[in-house]
Amino acid sequence: MLKCRVLDLSDHRGQLAGALLGDLGADVILVEPPGGSAARRVGPFVTGREGDPEASLAFWSYNRGKRSVVLDLDDPRDQSRLRDLAARADVVIESDAPGAMAARGLGPHDLARINPSLVYTSITPFGQSGPKADWAATDLIVSAAGMLSNIVGDEDRPPLRIPLDQCFLHASAEAAVASLIALRERKRSGEGQHIDVSAQQAVTQATQSATLCHLYNSPEVRRMSGGARLGPFRVRLRSPAADGYVSVTILFGESIGPFGARLFEWMHAEGGCADSDLEIDWINFVEGVITGRIPPTEYDRIQQVAADFTATRTKAELLEVALEQRLLIVPITTVADVADSPQYAERGFWRDIPTSGIDAVRYPGPLARFSATPLDVSAPPPSVGEHTEQVLAEAAARPQVAQAGVSAALVNAASAGHRDSELPLADVKILDFMWVMAGPGSTRVLADWGATVVRVESSHKVEAARTIQPFLNDEAGADNGGLYQNMNAGKLGITIDISKPESRELILDLVRWADVVCESFSPHALRDLGLSYEELREVKPDIIMASSCLFGQSGPLSSLAGFGTMGASMSGFYEMTGWPDRDPAGVFGAYTDYVSPKFLSAALLAALDHRDRTGEGQYIDLSQAEASMTFLAPAVLDYGVNARLPDKLGNDHPAMSPHGVFAAAGEDRWVAVACENDDQWRALCGVIGAESLAGLGVDERRDRAEEIVGLITAWTCGRSGVEAHEVLQTAGVPAHAVADSQDMAADPQLQHRKHFRNVTHGTNGTMWVEGTRFSMSRSTDGISHGGPTYGEHTFEVLEELLGYDQDQTTELAVAGVLE
């Protein structure tokens, strides 16, 4: 699909970016140092081949289909060879420390002089500039700095990180999307630019907008094993089953409450609850607690009644009834359950690829199904330097990338900080039927960078995101929810009751206007309304349509109603996150809703690129669970190759020690500390007064972990987390206080990068939203207003975008369509 060349200079912190672009069709050349990428030293490994650079399952996960070239970027001769490759490339991706590539003469400005149309994408823990840009950081440190750790884990133990370096995976996926946006902008301007991705900012997406709590004057979200604490409510997302665990979503309001009502009706029919439980106020329960009409303990009682009932049924029995009666119950699955699931088998998701002497290694399949351009993800990862001669010979014969008339003056302007006033996606028009987070999050980033996104809602069916905390001043209201504002900032809002037959022609006119139509209803819902892809294509032959739901449009689980909390439970993330001696704590909230939007954004941009070149639209079927499987890939491969399931490790790490979260001064205050190597360990010993232990190797440190934890804690507990991380970072030790939303708002790094934006709002004057997760050297984002109020832009859309006259608009209003 994509027709571009990518030079991937990154290590394990960035290789998903190139992998995602490669899956979409790009020719990705992995540039490795002699001996191979550092990612080849990251486990898990094929059993019996530990340490073998050709046997790292983590490396295999994010490098299939790439071509490998070995270059020593500290050698002037290989630097020259890289410049030759860059002159013929469209994108460079790197994850070195800020300034490291420039010190080699290979920074963004250096390569722009050779190839002014080059998109140069950098992935770092904190971004290229700002007071923390040069801080040492591992995934654990970024998780603490990005607030994710603060909301994951048991409330009586230190906060947890999610395994498999999730923070850098979030950053890598953002980098792929950012690169595609810059490539689209290049079609207009002919110019490349430097993209600066911050892992700290990227991972905030996984907090479900809890980063806004302090700015909204709303209670902090607190971690809780198997759920979350939201103000006075303890939301349980893990309940017992007869043979394991299930996730039961019991929430309230017009959108979610009816699911709970159906659950208790079934339980009552089975003798699992009292007659009085049929009188639960599923719509106005939260208001009842706030006003004192309902005691706060009632929510705990309701959840316990449900848990007592689920404990008497198996996971399979509960799932069967959930599918039949549209209940929010799903099993909490292991990686083995995922690998053996009939859902993925029926959709032909897995790819069995011969790899490094093994006949068939099972990999996750394509990020989405494309009707016109199915993705080919069947090539294995390369061996070290496998394609060096081939690629260097091609470089000698391949012409440089055409510069499209770009002059030296433009290169100099970019180097001097020239900003382009036209937004990169100003020519893109999107009709958005999506709701909550997984869908709207994907179009939010496109709106940030200039796409005109028309969001369709109905005042007769409340969007669930409008009912989810944090609320402005802790007051629920349709326009007060931080999640809704964060997912829909910058979009135009129109209300349409799509159940009315009179709405169909209006929707078809919007389709004629749009380049892309996105929806996240249950499978086939739009088909039942006469709005299937086939029917939309009749009025707009080159339309691109994307459907995003939990498990895709086909398969035995496709009809499962639900939210991202259920996708997270059924995708394997939940079971591995926790302490070895306890039940799984699980990831926070709707984890697949935080991962899958990046893949949908990339899919849409790639489909637009294909349409630009061929005139062909297409249909995209994105399963949120399948797309998110990429973040679980090393564990999937480990199970397939070694029949090994991931252990619950707490905060331990298989290659680093110490690696944990330690108590700081204050109630529930913590600081994350990690040592990647012996130099950092010696520096830590000097700070905490443990010089006698400075000679310990990593295995010895692991053997004496309890002693070392005590020494670190004795030092950290007398200091604030901020004081501790400043002292440790000065010594070169990766560390960061575990942030809550108040810390995030005060973080000088996030302030420097303008992460939080105070934007105009239709009813509240101004509201806070998060900014972008990346910046561009020449293009600016267009974030200026919050999520639309109900129908805020209805007349603007009808009259200015569609050209309707007053009589047409009045006719629709009288028919009740604009509600």
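In this text the structure is predicted, and so the values were computed from the model without any measurement. (Residues numbered from 1 in each chain as written. Predicted model: local features only at pLDDT ≥ 70, side-chain atom pairs only at ≥ 80, totals over all residues. Heavy atoms only, no water.)

Draft legend 1. Representation of the overall build of the protein within the structure. Of regular secondary structure, the protein possesses 34 helices and 27 strands. Since a compact globule built from 819 residues should have a radius of gyration of about 28 Å, the 26 Å found for the protein is in line with a globular shape. A sequence separation of at least 24 residues applies to 75% of the contacts in the protein between residues at least 6 apart. (Helix = DSSP H or I, 4+ residues; strand = E, 2+ residues; numbered from the N terminus. Rg over C-alpha atoms; globule rule 2.2 N^0.38 Å. Contact = heavy atoms within 4.5 Å.)

Draft legend 2. Region of the structure containing the sheet that holds strand β7 (residues 221–224). With respect to topology, 3 strands assemble into an open sheet ordered β7-β8-β9, the strand pairing being antiparallel. Two strands bound the open sheet, and with one partner strand each, they are β7 and β9 (233–236). In this sheet, neighbouring strand axes are inclined to one another by 25° on average, regardless of whether the strands run parallel or antiparallel. Note that β7 and strand β8 (residues 227–230) share 4 bridges and pair antiparallel. Following the sheet pairing, Val221 is matched in β8 by Leu230. (Pairing = 2+ DSSP bridges. Axes fitted to C-alpha atoms, helices over the stretch in contact; angles between N-to-C directions.)

Draft legend 3. Spotlight on helix α12 (residues 315–325). Within α12, burial applies to Lys315, Leu318, Leu319, Val321 and Ala322. Projected down its long axis, α12 carries its buried residues within an arc of 165°, all on one side. Turned more than 90 degrees away from the buried face of α12 sit Ala316 and Glu324, all of them exposed. Among the residues trailing α12, Arg326 stands out with phi positive, at a value near 55°. (Buried < 20%, exposed > 50% of the residue type's maximum accessible area, 1.4 Å probe, protein only. Arc of directions from axis to C-beta.)

Draft legend 4. Layout of the nonpolar core. Counting residues in each nonpolar core, the largest one holds 174 residues, and the members touching the most others are Leu24, Ile250, Leu263, Phe264 and Tyr591. Apart from the residues lying within four places of it in its own chain, the contact partners of Leu263 are Val248, Ile250, Ala306, Leu327 and Ile329. (Core = buried A, V, L, I, M, F, W, Y, C linked by side-chain atoms within 4.5 Å.)

Draft legend 5. Here's a closer look at the environment of Pro580. Residue placement: Pro580 occurs in the loop between α23 (573–576) and α24 (591–614). Relative accessible area serves as the criterion here: at 57%, Pro580 is assigned to the exposed category. Spatially, the C-alpha atom of Pro580 lies 7.3 Å from that of Asp647, the residues being 67 residues apart in sequence. Apart from residues no more than four positions distant in its own chain, Pro580 is found in contact with Lys648, Leu649 and Gly650.

Draft legend 6. Examining the layout of surface pockets more closely. Of the voids in this model, the second largest pocket is the one considered here, and its volume is about 910 Å³. Around the second largest pocket, the lining is made up of 45 residues, and of these Leu251, Phe252, Thr467, Ile468 and Gln469 lie nearest the centre. At the level of elements, β8, β9, α10 (285–291) and α22 (564–570) are the ones that each hand at least two residues to the lining of the second largest pocket. Here the residues of the lining of the second largest pocket sort into 29 nonpolar, 12 polar and 4 charged. (1 Å grid on protein atoms, 1.4 Å probe; cavity = no way out; pocket = protein on both sides within 12 Å on 5 of 7 lines; lining within 4 Å. Points joined across faces, edges and corners; volume = space filled by probe spheres on them. Nonpolar A, V, L, I, M, F, W, Y, C, P; charged D, E, K, R; others polar.)

Draft legend 7. Spatial organisation of the packing of aromatic side chains. Following the criterion strictly, the structure yields 17 aromatic pairs and no others. On the numbers, 6.3 Å between centres and 80° between planes, the contact of Phe126 with Trp135 is edge-to-face. A residue is classified by how much of its surface remains accessible, and Trp135, at 19% relative accessible area, is buried. Considering the side-chain rings of Phe252 and Tyr299, the 5.5 Å spacing of their centres and the 65° angle between planes classify their relative orientation as edge-to-face. Taken together, the residues Phe252 in the loop between β11 (244–248) and α9 (257–269) and Tyr299 in helix α11 (residues 297–310) connect sequence positions 47 residues apart. A connected cluster of aromatic rings, assembled from ring pairs, spans Phe233, Phe252, Phe264, Trp282, Phe285 and Tyr299. The ring centre of Trp579 lies 5.4 Å from the NZ or CZ of Arg157, which sits over that ring. Between Arg262 and the ring centre of Phe259, over which it is positioned, the NZ or CZ distance is 4.7 Å. (Phe/Tyr/Trp six-rings, centres within 6.5 Å; stacked < 30°, edge-to-face > 60°. Lys NZ or Arg CZ within 6 Å of the ring centre and 35° of its normal.)

Draft legend 8. Structural view of the sheet that holds strand β2 (residues 27–32). Taken together, the 7 strands give an open sheet; going across it, the order is β3-β2-β1-β4-β5-β6-β27, and neighbouring strands pair in mixed fashion. In this open sheet, the two strands that pair with only one neighbour each are β3 (67–70) and β27 (774–776). On average, adjacent strands in this sheet sit at an angle of 20° to one another, irrespective of strand direction. Summarising the sheet, β2 and β3 pair through 4 bridges and their orientation is parallel. By the bridge assignment, Val31 is partnered in β3 with Val69. Docked against the sheet, helix α1 (residues 15–23) engages β1 (5–8), β2, β4 (91–94) and β5 (119–124), running at close to 155° with respect to β2.

Draft legend 9. Quick look at the packing of helix α27 (residues 678–688) against helix α29 (residues 705–716). At a minimum axis distance of 10 Å, the contact between α27 and α29 shows a crossing angle of 50°. The angle between the axes of α27 and α29 places the two elements in the oblique class. Between α27 and α29 lies a crossing whose hand is left-handed. On α29, the residues touching Trp681, Leu684, Val687 and Ile688 of α27 are Ile708, Leu711, Ile712 and Trp715. Across the contact of α27 with α29, the residue classes tally to 8 nonpolar, no polar and no charged. (Parallel < 35°, antiparallel > 145°, perpendicular 65-115°, else oblique. Left-handed = near helix turned anticlockwise from the far one by under 90°.)

Draft legend 10. A look at a negative patch on the surface. Side chains of Glu502, Glu792, Glu796, Glu799, Glu800, Asp805, Asp807 and Glu811 sit close together on the surface and give a patch of like negative charge. The element that contributes the greatest number of residues to the negative patch is helix α33 (residues 794–801), accounting for 3 residues. Within the fold, Glu502 resides in the loop between β18 (492–495) and α19 (503–513). (Patch = residues over 30% accessible without salt bridge, like charges linked within 9 Å, V, L, I, M, F, W, Y side chains within 5 Å. Areas by Shrake-Rupley, 256 points an atom, 1.4 Å probe, with all protein chains shown as cover. Salt bridge = Lys/Arg side-chain N within 4 Å of Asp/Glu carboxyl O. Lys, Arg positive; Asp, Glu negative; His and termini not counted. Charge placed at Lys NZ, Arg CZ, Asp CG, Glu CD.)

Draft legend 11. How the structure looks around the pairing of strand β21 (residues 618–623). Of all 6 residues that make up β21, 6 are buried, and the element is covered over most of its length. The side-chain alternation of β21 yields two buried faces, one formed by Gln618, Ile620 and Leu622 and the other by Tyr619, Asp621 and Ser623. As judged from the 2 bridges shared by strand β15 (residues 369–370) and β21, these two strands associate in the antiparallel manner. Note that in β21 the partner of Phe370 across the bridge is Ile620.

Draft legend 12. Region of the structure containing the environment of Pro354. Residue position: Pro354 is located in strand β13 (residues 351–355). Taking the C-alpha atoms as reference points, Pro354 and Ser378, 24 residues apart in sequence, are found 9.2 Å from one another. Pro354 has contacts with Asp359, Ala360 and Pro380, leaving out every residue within four places of it along the chain.

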